[in-house]
Amino acid sequence: RSPRLSIPGREHDRGGLDLVVEPGRRTVLLGRSGAGKSLLARLALGRLPGPPVRSSGRVEIRTDSGTESVDLADWPAGAQIPRLQALRGHTLSFVPQGGRENLVPGWTVRDHLRHLLPDLERQLADVVEGMEALGVDGGEANLSAVATELSEGMIRRILVALAMARGAEILVIDEPTTGLDPHSREAFSELLHERILASGAGVLLVTHDLELCARLGGEALLVDDGAIVAQTDDISTASGAFQPFLDAVADGPSVGEA
């Protein structure tokens, strides 16, 4: 039985839609700055937002070995949930927002891979293949380079390649194009789309990049105040609750990150 991630939307007077991700399914979380989309995605990783935010609802992850079902109300704000965190790497893989701030200063790319991969000798070829597919030379020069000295675009590509090489069937990717120049953003979006389709993995993508959302396809969910408030299968024809967000994006880059 394939992994399946389910996070109910918070129930309130606007209703709460479920977030469901499984292999081959692509789901995008959209929303204004501070809407809570990154916080919502992190619930799947067993990371609850800190006080004063309180989380409610249930996270359920089904795998071949059984079901992990966690009632978020049972955990205090800021808690780390071991049962969900234990699924990181083999069932769920996380690509964090940003690049350099997630790296260890002075470590090479190979050092990071050695730390994060349980079997570097066997899995290195998969990382290199992913790097090449995402437009990064996987040769020794880059593997031996101090990771923090690489460009932001290269770091993002390597992090995605690493996540895929870990063999997880669901990828949680947080704002992969933020901070990239328009040319790099377009190239990376295209490569990311192609690579994700080829992998067959399920994807939960947090972004405010409408072009990336449209290119990736799949379901788009609108997040507001930590809740999923609207859904569409085609962002290009979305309206209604989506309209204020779409208008804000059209007016300029102030939508920002969540």
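This text follows the structure it describes.
Below or above, wherever it landed, is the structure these notes cover. Sequence order as written defines the numbering, with residues in each chain counted from 1. Note on the predicted model: pLDDT of at least 70 is required for a residue's local features to be given, and 80 or more for side-chain atom pairs to be given and counted; whole-chain, interface and lining totals, by contrast, use all residues. To get the side-chain values, all heavy atoms of the structure are used, and hydrogens and water are removed first.

### Focus: unusual backbone geometry
- With an omega dihedral of 10°, the bond running from Pro-51 to Pro-52 counts as a cis peptide bond.
- When you line up the elements, Pro-52 lands in the loop between helix H1 (37-43) and strand S4 (58-63).
- Even without being glycine, Glu-175 reaches a positive phi, approximately 45°.
- Mapped onto the elements, Glu-175 comes out in the loop between strand S7 (170-174) and helix H7 (182-199). A run of DSSP states H or I qualifies as a helix once it reaches four residues; a run of E qualifies as a strand once it reaches two. Both are numbered from the N-terminal end.

### Topic: H7
- What a helix should span is 1.5 Å times the count of its residues minus one. Helix length check: H7, at 18 residues, gives a terminal C-alpha distance of 26 Å against a target of 26 Å (1.5 Å per residue), a fit within 8%.
- Regarding H7, the residues found buried are Phe-188, Ser-189, Leu-192, His-193, Arg-195 and Ile-196.
- Residue contacts are counted whenever heavy atoms from the two residues lie within 4.5 Å of one another. Among the structural elements, strand S3 (26-30), helix H4 (120-133), helix H6 (152-165), S7, strand S8 (202-206) and helix H8 (210-216) are those in contact with the buried residues of H7.
- Phi turns positive one or two residues past the end of H7, at Gly-200, with a value near 75°. Burial classes follow relative accessibility: with a 1.4 Å probe on protein chains only, a residue under 20% of its type's maximum area counts as buried, one over 50% as exposed, and anything between as partly exposed.

### Things to note about helix H3 (residues 109-116)
- Taken together, the buried positions of H3 are Val-109, Arg-110, His-112 and Leu-113. For H3, the arc enclosing every buried residue in end-on projection is 160°, short of the 170-degree limit, so these residues lie on one face. Directions from the helix axis toward the C-beta atoms define the arc.

### Brief notes about the nonpolar core
- The criterion is simple. A nonpolar core is a set of buried Ala, Val, Leu, Ile, Met, Phe, Trp, Tyr and Cys residues joined through side-chain atoms within 4.5 Å. Of all hydrophobic cores here, the largest spans 48 residues; its most connected members are Leu-30, Leu-113, Ile-173, Ile-235 and Phe-242.
- Ranked by residues supplied to this core, first place goes to H6 with nine residues.
- With near-sequence residues (within four places) excluded, Phe-242 lies in contact with Leu-30, Ala-220, Leu-221, Leu-222, Ala-230, Gln-231, Thr-232 and Ile-235.
- Counting residues in hydrophobic clusters, the runner-up holds 25 residues, among them Leu-40, Leu-45, Leu-48 and Val-223.

### As for the environment of Val-249
- Positionally, Val-249 belongs in helix H9 (residues 243-251).
- Exposure remark for Val-249: the relative accessible area of 23% places this residue in the partly exposed category.
- For the pair formed by Val-249 and Gly-31, sequence separation is 218 residues and the distance between their alpha carbons is 9.9 Å.

### Let's talk about the sheet that holds strand S10 (residues 227-232)
- In this description, strands pair whenever DSSP reports at least two bridges between them. The sheet built from six strands is open, its strands ordered S6-S7-S8-S3-S9-S10 with mixed pairing. Strand pairing shows two members of the sheet lacking a second neighbour, strand S6 (92-95) and S10, which therefore form its edges. Sheet twist, expressed as the mean angle between neighbouring strand axes with direction ignored, is 20°.
- Bridging between S3 and S8 involves four bridges; their strand directions are parallel. The residue of S8 that forms the bridge with Thr-27 is Leu-204.
- Axis geometry follows a simple rule: fit a line to the C-alpha atoms, using only the stretch in contact for helices, then measure angles between N-to-C directions, giving values from 0 to 180 degrees. H6 contacts S6 and S7 of the sheet and is inclined by roughly 175° relative to S6.

### Let's talk about the pattern of salt bridges
- Throughout this description, the term salt bridge denotes a Lys or Arg side-chain nitrogen within 4 Å of a carboxyl oxygen of Asp or Glu. Evaluation of the coordinates by the stated rule reveals 13 salt bridges.
- Across the salt bridge formed by Arg-62 and Glu-60, the nearest N and O atoms sit 3.3 Å from each other.
- Given a relative accessible area of 24%, Arg-62 falls into the partly exposed group.
- Note that Arg-110 is salt-bridged to Glu-140, the shortest N-O span being 2.5 Å. With Arg-110 in helix H3 and Glu-140 in helix H5 (residues 140-143), the pair connects residues that are 30 residues apart, well separated along the chain.
- A single network of salt bridges, built from pairs that share partners, joins Glu-22, Arg-25 and Glu-219.

### Considering the side chain of His-193
- Relative to the helices and strands, His-193 resides in helix H7.
- Those residues within four positions of His-193 in sequence are excluded, and the remaining contacts are Arg-215 and Leu-216.

### Regarding the pairing of S7
- The element S7 is extensively covered by neighbouring structure, given that five of its five residues are classed as buried.
- With burial as the criterion, each face of S7 is covered, one bearing Ile-170, Val-172 and Asp-174 and the other bearing Leu-171 and Ile-173.
- Pairing analysis gives four bridges linking S6 to S7, with the strands arranged parallel. Paired with Leu-92 across the strands is Ile-170, a residue of S7.
- Alignment of S7 against S8, held across five bridges, turns out to be parallel. In the sheet register, Val-172 faces S8, and the bridge partner there is Leu-204.
- Taken together, S7, H7 and S8 constitute a β-α-β crossover, and its handedness is right-handed. Orient the strands so they point away from the viewer; a crossover is then right-handed if the path from the first strand over the helix to the second runs clockwise.

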